[in-house]
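A closer look at the structure
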Amino acid sequence: MSESTRMRQIAREIFEHALAEGSIAKGFARHVHCERGILRVCEDLYDLHLYSRVLVVSLGKAGHTMVEALSAQVGASLEGIVASSVESPAQVHGFRYFRGGHPTPNAEAVQAASAILGMLEAQPASSLIMFLLSGGGSSIVEKPIDDEISLDDLIATYRALVHSGAPIFEINAVRKHLSAVKGGRLAQAAFPAQQVSLLVSDVPDSTPDALASGPTMPDSTTVEDCYRIAEKYELLKQFPPSVRELFERHAFEETPKSDHPAFHRARWWPVLTNQTAIDEASIAAERAGFVVHVDNSCDDWDYDHAADYLLRRVRELRQQFSPVCLISGGEVTVKVTDGGVGGRNQQFALACAERIKGENITVLSAGTDGVDGNSSAAGAVVDGATVERTRGRGLDVRAALEKFDTYPLFRALGDAIETGPTGNNSRDLRILLAY
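Scope of this entry: the structure provided in the associated data block. (Residues numbered from 1 in each chain as written. Predicted model: local features only at pLDDT ≥ 70, side-chain atom pairs only at ≥ 80, totals over all residues. Heavy atoms only, no water.)

Regarding the sheet that holds strand β1 (residues 32–35)
Condition: Paired strands are those between which DSSP finds at least two bridges. A run of H or I in DSSP becomes a helix once it reaches four residues, and a run of E becomes a strand once it reaches two; helices and strands are each numbered from the N terminus. In this analysis an axis means a line fitted to C-alpha atoms, helices contributing only their contacting stretch, and an angle means the value between N-to-C directions, from 0 to 180 degrees. Here, two residues are considered to be in contact whenever any of their heavy atoms come within 4.5 Å of each other.
Pairing is antiparallel in the open sheet, where 3 strands are placed in the order β1-β2-β3. On the outer flanks of this sheet lie β1 and β3 (44–47), each paired with one strand and no other. When the angles between neighbouring strand axes are averaged without regard to direction, this sheet yields 15°. The pairing of strand β2 (residues 38–41) with β3 spans 4 bridges and is antiparallel. For Leu39, the partnering residue across the bridge sits in β3 and is Tyr46. Lying on the sheet, helix α2 (residues 24–31) is in contact with β1 and β2; it crosses β1 at an angle near 60°. Against the sheet, helix α3 (residues 63–74) contacts β1 and β2, and its axis sits at roughly 35° relative to β1.

Observations concerning the pattern of salt bridges
Let me state the cut-off plainly: Note on definitions: salt bridges are taken to be side-chain nitrogens of Lys or Arg within 4 Å of carboxyl oxygens of Asp or Glu. When accessible area is computed with a 1.4 Å probe and restricted to protein chains, residues below 20% of their type maximum are described as buried, those above 50% as exposed, and intermediate ones as partly exposed.
For the coordinates displayed, the defined rule picks out 32 salt bridges. Across the salt bridge formed by Glu21 and Lys26, the nearest N and O atoms sit 2.9 Å from each other. Under the relative-accessibility criterion, Glu21 is labelled partly exposed at 23%. Among the ionic pairs, Asp219 bridges to Lys176, the shortest N-O distance being 2.9 Å.

Describing the nonpolar core
Operational definition: Put simply, buried Ala, Val, Leu, Ile, Met, Phe, Trp, Tyr and Cys residues joined by side-chain atoms within 4.5 Å make one nonpolar core.
Counting 37 residues, the largest nonpolar core has Leu311, Val314, Phe348, Leu350, Val363, Val382 and Phe410 as the members making the most contacts within it. Secondary-structure elements contributing two or more residues to this core are α12 (303–318), β11 (324–330), α13 (344–355), β12 (361–367), β13 (379–383), α15 (397–402), α16 (407–413) and β15 (428–434). The dominant element in this core, judged by the number of residues it contributes, is α12, at 8 residues. Sequence-distant contacts of Val314, defined by excluding residues within four places in its chain, comprise Val324, Leu326, Ile361, Leu432 and Ala434.

Some details on the packing of helix α6 (residues 151–162) against helix α7 (residues 168–178)
Defined as follows: Just so you know how the angles are binned, under 35 degrees is roughly parallel, over 145 roughly antiparallel, 65 to 115 roughly perpendicular, and the rest oblique. Crossings are sorted by hand: turned counterclockwise from the far helix by less than a right angle, the near helix makes the crossing left-handed, and turned clockwise it makes it right-handed. Gly counts as polar in this scheme, as do all residues outside two lists: the nonpolar Ala, Val, Leu, Ile, Met, Phe, Trp, Tyr, Cys and Pro, and the charged Asp, Glu, Lys and Arg.
Here α6 crosses α7 at 160°, and the two axes come no closer than 10 Å. It follows that α6 is roughly antiparallel to α7 by the angle criterion. In this structure, the crossing between α6 and α7 has a hand that is right-handed. Residues Thr157, Tyr158, Leu161 and Val162 of α6 pack against Ile171, Val174, Arg175 and Leu178 of α7. Across the contact of α6 with α7, the residue classes break down as 6 nonpolar, 1 polar and 1 charged.

Quick look at the environment of Val324
Within the secondary structure, Val324 is located in strand β11. In this structure the C-alpha to C-alpha distance between Val324 and Phe290, which are 34 residues apart in sequence, comes to 5.0 Å. Non-local contacts of Val324, meaning those with residues more than four positions away in its chain, are made with Phe290, Val291, His293, Val314, Leu317, Arg318, Leu432, Leu433 and Ala434.

Observations concerning the layout of surface pockets
In this approach the atoms are scanned with a rolling probe the size of a water molecule, which exposes any empty space left behind. Put simply, the rule is: Using only the protein atoms, space was sampled on a 1 Å grid; points where a 1.4 Å probe fits but cannot get out form cavities, open sets with protein on both sides within 12 Å along at least five of seven lines form pockets, and lining residues are those with an atom within 4 Å of a point. Grid points are joined across faces, edges and corners, and a volume is the space filled by probe spheres set on the points.
Size it by volume and the largest pocket reaches roughly 1,300 Å³. What lines the largest pocket is a set of 50 residues, among which His102, Pro103, Val162, Arg344 and Gly373 lie closest to the centre. Every element with two or more residues in the lining of the largest pocket is listed here: α5 (137–140), α6, α7 and α13. With 4 residues, α7 is the single largest residue contributor to the lining of the largest pocket. Split by residue class, the lining of the largest pocket holds 16 nonpolar, 23 polar and 11 charged.

Description of the environment of Gly394
Among the structural elements, Gly394 can be located in the loop between α14 (386–392) and α15. Residues Gly394 and Tyr233, spaced 161 residues apart in sequence, show a C-alpha to C-alpha distance of 38 Å.

What about helix α4 (residues 107–120)?
Stated precisely, the cut-off is as follows: In a helix, the anticipated span is given by 1.5 Å times the number of residues less one.
Over its 14 residues, α4 runs 20 Å from end to end, which matches the ideal 20 Å to within 8%, given 1.5 Å per residue. Every buried residue of α4 is listed here: Ala109, Ala112, Ala113, Ala115, Ile116, Leu117, Met119 and Leu120. On its buried face, α4 is in contact with β4 (53–59), β5 (79–84), β6 (95–99), β7 (127–134), α5 and α8 (185–190).

Quick notes on the sheet that holds strand β8 (residues 194–200)
Here 6 strands make up an open sheet; going across it, the order is β6-β5-β4-β7-β8-β9 and the pairing parallel. Each edge of the open sheet is held by one strand with a lone partner, namely β6 and β9 (266–272). Taking the axes of each pair of neighbouring strands and ignoring which way they run, one obtains an average angle of 15° across the sheet. Pairing analysis gives 5 bridges linking β4 to β5, with the strands arranged parallel. If you follow Val56 over to β5, its bridge partner there is Gly80. Sheet strands in contact with α4 are β4, β5, β6 and β7, and its direction is about 150° off that of β6.

Digging into the packing of aromatic side chains
Going by this rule: Aromatic pairing here means that ring centres of Phe, Tyr or Trp (its six-membered ring) are within 6.5 Å. Orientation follows from the plane angle: under 30 degrees is stacked, over 60 is edge-to-face, and everything else is tilted. Two thresholds decide whether a charge sits over a ring: the Lys NZ or Arg CZ must be within 6 Å of the ring centre and within 35 degrees of the ring normal.
One pass over the full model with this rule turns up 6 aromatic pairs. Ring geometry for Tyr227 and Phe252: centres 5.7 Å apart, planes at 35°, overall tilted. Here Tyr227, found in helix α9 (residues 223–232), pairs with Phe252, found in the loop between α10 (241–248) and β9; they are 25 residues apart in sequence, far enough to count as distant. Considered together, Tyr227 and Phe252 belong to a single accessibility category, that of buried residues. Arranged with centres 6.2 Å apart and planes meeting at 50°, the rings of Phe263 and Trp268 form a pair that is tilted. For Phe263, a relative accessible area of 6% translates into the label buried. Trp268 gets classed as partly exposed once you look at its relative accessible area, which sits at 28%. Put simply, the rings of Tyr227, Phe239, Phe247 and Phe252 pair up and form one aromatic cluster. One cation-aromatic arrangement involves Arg430 over Phe348; the distance from NZ or CZ to the ring centre is 5.9 Å.

Have a look at this one:
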């Protein structure tokens, strides 16, 4: 086995370890425990005997997995609604299941939102509502704030936002104000019940209300933010008339803020975050003999800019330590124009491959949800020999980058990271090895 092949394998093993140790089952086992009807969620205790009803709303890519993990701790007495974008191999008794769309909503996403709102709006103060929130929830459960906005209009709006190049925080600011369920509006619907939210987060730790567009949290964004973002990214001409008209009339209603009564009996606890994946990747890299450094400063940067920055950092580190592993969490952005099959992780990896030709550097970039963009891969791994190997197969790196069509190239090389959907979603990992 060549050194470059061995390093690609080590990078994969570091990522796989982070996935396994950052699983939802392990996260719940660490932070959630139930004994004799007393439920512990992180630092909170709930006596389940005292509530007239305990209901669970689980939404996002990890919707099924989170309910299974909670049921493993609490038992079979739970009931509620699960909305996810993937088919569950087995359904938990007592739950209604919906398969919402991702990255854009579908008819079932709207049905799920209506069902959740219907269940919550009848609950008294004696009920306990447990919200299990994970990434992807923004599109998996959705209902427009205005009935004039059709599903097709909603999908067109989402596509315009996702392809705008805006970071997720700004995308979600607009989504929240267009939605009957986001930006604290599920908490508003559940008032006056007691509420606790368990979070498997795919957003920066500093902005937890961006997770699934913050359906159960006070919204830190405002209607004025929406109007500013639409102007900044020239979105009005891309929005359908029903949505454009709301912007032009300045017709948005403000989302609930921290002084709203719905939040007086509400708590929010992270069960898994991107930091969990970073920590576990660091452990695996140290065990493999690398000096480890973590640098998350390129979170939400454009992929090209992030590639330049991280490669410069790992080259600097290699002058002091060898072998060295640089780990970077969070997500990079890609502004797609007329794209092929790929995603932000594969785009970032291939951009790195061009820059490290002939160098002893290996780069892996992949999503913990197992899905990268519109491809079936989680991401990809590259090294100093990647460009040469593509030429030997008649593949064109520059064309793949320009067409945002990276997955066919990585699949042909055998360097796509194929995990399948993980039932988890705690953002992306970039692992750079220099030796």
